[in-house]
Amino acid sequence: MDLAGRRKNATRETTATLKAWLYEHRKNPYPTKSEKVYLAIMTKMTLTQVSTWFANARRRLKKENKMTWSPRNRTTDDDDDRHEEESNSSQSDNQSNSP
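Not measured: the values here are computed from a predicted model.

Undergrad: What is the right way to look at the nonpolar core in this model?
TA: A general tendency of soluble globular proteins is for nonpolar side chains to be buried together. Leu18, Trp21, Leu22, Leu39, Ala40, Met45, Val50, Trp53, Phe54 and Ala57 form the largest nonpolar core, which has 10 residues in total. The set of elements that each furnish at least two residues to this core consists of helix H1 (12-24), helix H2 (33-43) and helix H3 (47-63). With 4 residues, the top contributor of residues to this core is H3. Ignoring anything within four residues of it in the chain, the contact list for Leu18 reads Leu39, Thr43, Met45, Val50, Trp53 and Phe54.

Have a look at this one:
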């Protein structure tokens, strides 16, 4: 059997490191890319595994109503773009409706 391609489950040591980071940053549980790289090295996980672990952990906390952070909102730039698109859309609707 080829063990190199086999998936490994996270160990208690691995998750303890990630849980500690999550607890310390419970007000903003979104690690930066550099923090994820550091955690991946510390836990011997891939960057994708670390990212997935955090996404699942946030989902679990939200489901258990233990969420202590505000959900991430769009940036103001995104909101400005959305408002601009809406106003452009309504302007073109108004133009097509005029005689």
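The discussion continues.
Undergrad: What should I look at first to understand the layout of surface pockets in this one?
TA: Computed from the structure, the largest pocket encloses a volume of approximately 370 Å³. Per element, the largest residue contribution to the lining of the largest pocket is 5 residues, and it comes from H3.

Here is what the cut-offs are and how they apply
- Residues numbered from 1 in each chain as written.
- Predicted model: local features only at pLDDT ≥ 70, side-chain atom pairs only at ≥ 80, totals over all residues.
- Heavy atoms only, no water.
- Core = buried A, V, L, I, M, F, W, Y, C linked by side-chain atoms within 4.5 Å.
- Buried < 20%, exposed > 50% of the residue type's maximum accessible area, 1.4 Å probe, protein only.
- Helix = DSSP H or I, 4+ residues; strand = E, 2+ residues; numbered from the N terminus.
- Contact = heavy atoms within 4.5 Å.
- 1 Å grid on protein atoms, 1.4 Å probe; cavity = no way out; pocket = protein on both sides within 12 Å on 5 of 7 lines; lining within 4 Å.
- Points joined across faces, edges and corners; volume = space filled by probe spheres on them.

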